[in-house]
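Single-letter residue listing:
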Amino acid sequence: MTQIQNHLDMLFVSPPPNTGAPLAARQTSGISSGDSETKWSLWVSGNKNDMKNTLSSTAYTGDAKSFTLGGDYRINKDWVAGISISDDSTKLDTSFNQGHVNYDGQTFSAYVGGQLYPWLRVSLAGGIADTTAKQSRTDPTLFTTITGTQNIDRSFIQTNAVASTWLERWNLSAGLGYLHAKDSSKDFTESNGVRQAGQTNNFGQIQLGVKAAYWFDGIMPYVEIAYLNDVQRKLPAVVIGQPSPSNDRDSIRLSVGANVFGKDGWFGGFAANTEQTRSDTRNTSVMLNLGKRF
């Protein structure tokens, strides 16, 4: 979802017409410039996220990597619709049970975005994912390694609204979004013959952020701060007597990056962000993207 939203930002903030943007910005080729020759857009994006949990009963460290290929079509000068497919891999060392988990999956998404008013754009994205989790853990009494493979189905949807304005070469924006995801893990049998039951988890999160970007004749560096609130989630179960995870439902995400708009419809950029203020977890990610309008 982050990779899709970043792509839509580049399409609509590059930059919108009739908002007082510099002349060089208004001449940028793209959807928002009204260039009738750029109906299509192809893009790729790579993301790496480092994760850490420090609570003894749920502790893990690891990273998640994803590669996304997407394309969209400009319905008219204000609206686009597109699809994307992602391949992702997550590797975690789960020190709470002296084990490991490797997730490998593919995600198919569809999205639509549009400019309702010169100062307001909206988007809707959703998709499904199929993931395989290969797990291992150490038996606490026999000290043997127990393995198992579990299949997980995921569906998700996200909606966003972003209000923005130009002040000379500054682009200032504020966004409000909501993400909902549902994970359904299947029953599986571990190598020791123990049957583990699957479960269904629902997750909902509100995101509220502000962003400031500056136009350098084709390059737009930016900083962003966002408030995240988990309005729906289920805490992981722990062994009786072990410390329970903190129920801190909100956090602050800090981001920096830059978008680059080249000649002949090329565009790209990078972003880095870190999520702070949660008691037990830390997340830091970097993202690169490249695309072309034609």
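Please refer to the structure placed before this passage.
Below or above, wherever it landed, is the structure these notes cover. (Residues numbered from 1 in each chain as written. Predicted model: local features only at pLDDT ≥ 70, side-chain atom pairs only at ≥ 80, totals over all residues. Heavy atoms only, no water.)

This part is about helix H1 (residues 2-12). Quick reminder: α-helices carry 3.6 residues per turn. Residues three or four places apart thus point the same way. Here H1 lies mainly inside the structure; ten of its eleven residues are buried. For H1, the set of buried residues is Gln3, Ile4, Gln5, Asn6, His7, Leu8, Asp9, Met10, Leu11 and Phe12. (Buried < 20%, exposed > 50% of the residue type's maximum accessible area, 1.4 Å probe, protein only. Helix = DSSP H or I, 4+ residues; strand = E, 2+ residues; numbered from the N terminus.)

Our next topic: the packing of aromatic side chains. With the rule as written, the count across this model stands at six aromatic pairs. Site record: aromatic cluster; members linked through ring pairs are Trp170, Tyr214 and Phe216. Taking NZ or CZ as reference, lysine 211 lies 4.1 Å from the ring centre of tyrosine 222, over its face. (Phe/Tyr/Trp six-rings, centres within 6.5 Å; stacked < 30°, edge-to-face > 60°. Lys NZ or Arg CZ within 6 Å of the ring centre and 35° of its normal.)

Across 14 bridges, strand S1 (residues 40-53) lies against strand S2 (residues 60-76) in antiparallel orientation. Of the residues in S2, the one forming a bridge with tryptophan 43 is glycine 70. Here 15 bridges tie S2 to strand S3 (residues 79-94), and the two strands are oriented antiparallel to one another. By the bridge assignment for S3, serine 66 is matched with aspartate 88. Linking two consecutive strands that pair antiparallel, namely S2 and S3, is a turn of two residues. (Pairing = 2+ DSSP bridges.)

Time to look at the sheet that holds S3. Taken together, twelve strands build a closed barrel; the order of strands is S1-S2-S3-S4-S5-S6-S7-S10-S11-S12-S13-S14 and the barrel is antiparallel. Mean inter-strand twist for the sheet, computed between neighbouring axes without regard to direction, equals 15°. In terms of strand pairing, strand S10 (residues 200-214) meets strand S11 (residues 219-232) through ten bridges, oriented antiparallel. Of the residues in S11, the one forming a bridge with glycine 204 is glutamine 232. Strands S1, S2, S3, strand S4 (99-117), strand S5 (120-138), strand S6 (145-167), S10, S11, strand S12 (250-261), strand S13 (266-276) and strand S14 (281-293) of the sheet are contacted by H1, whose axis makes an angle of about 135° with S1. (Axes fitted to C-alpha atoms, helices over the stretch in contact; angles between N-to-C directions. Contact = heavy atoms within 4.5 Å.)

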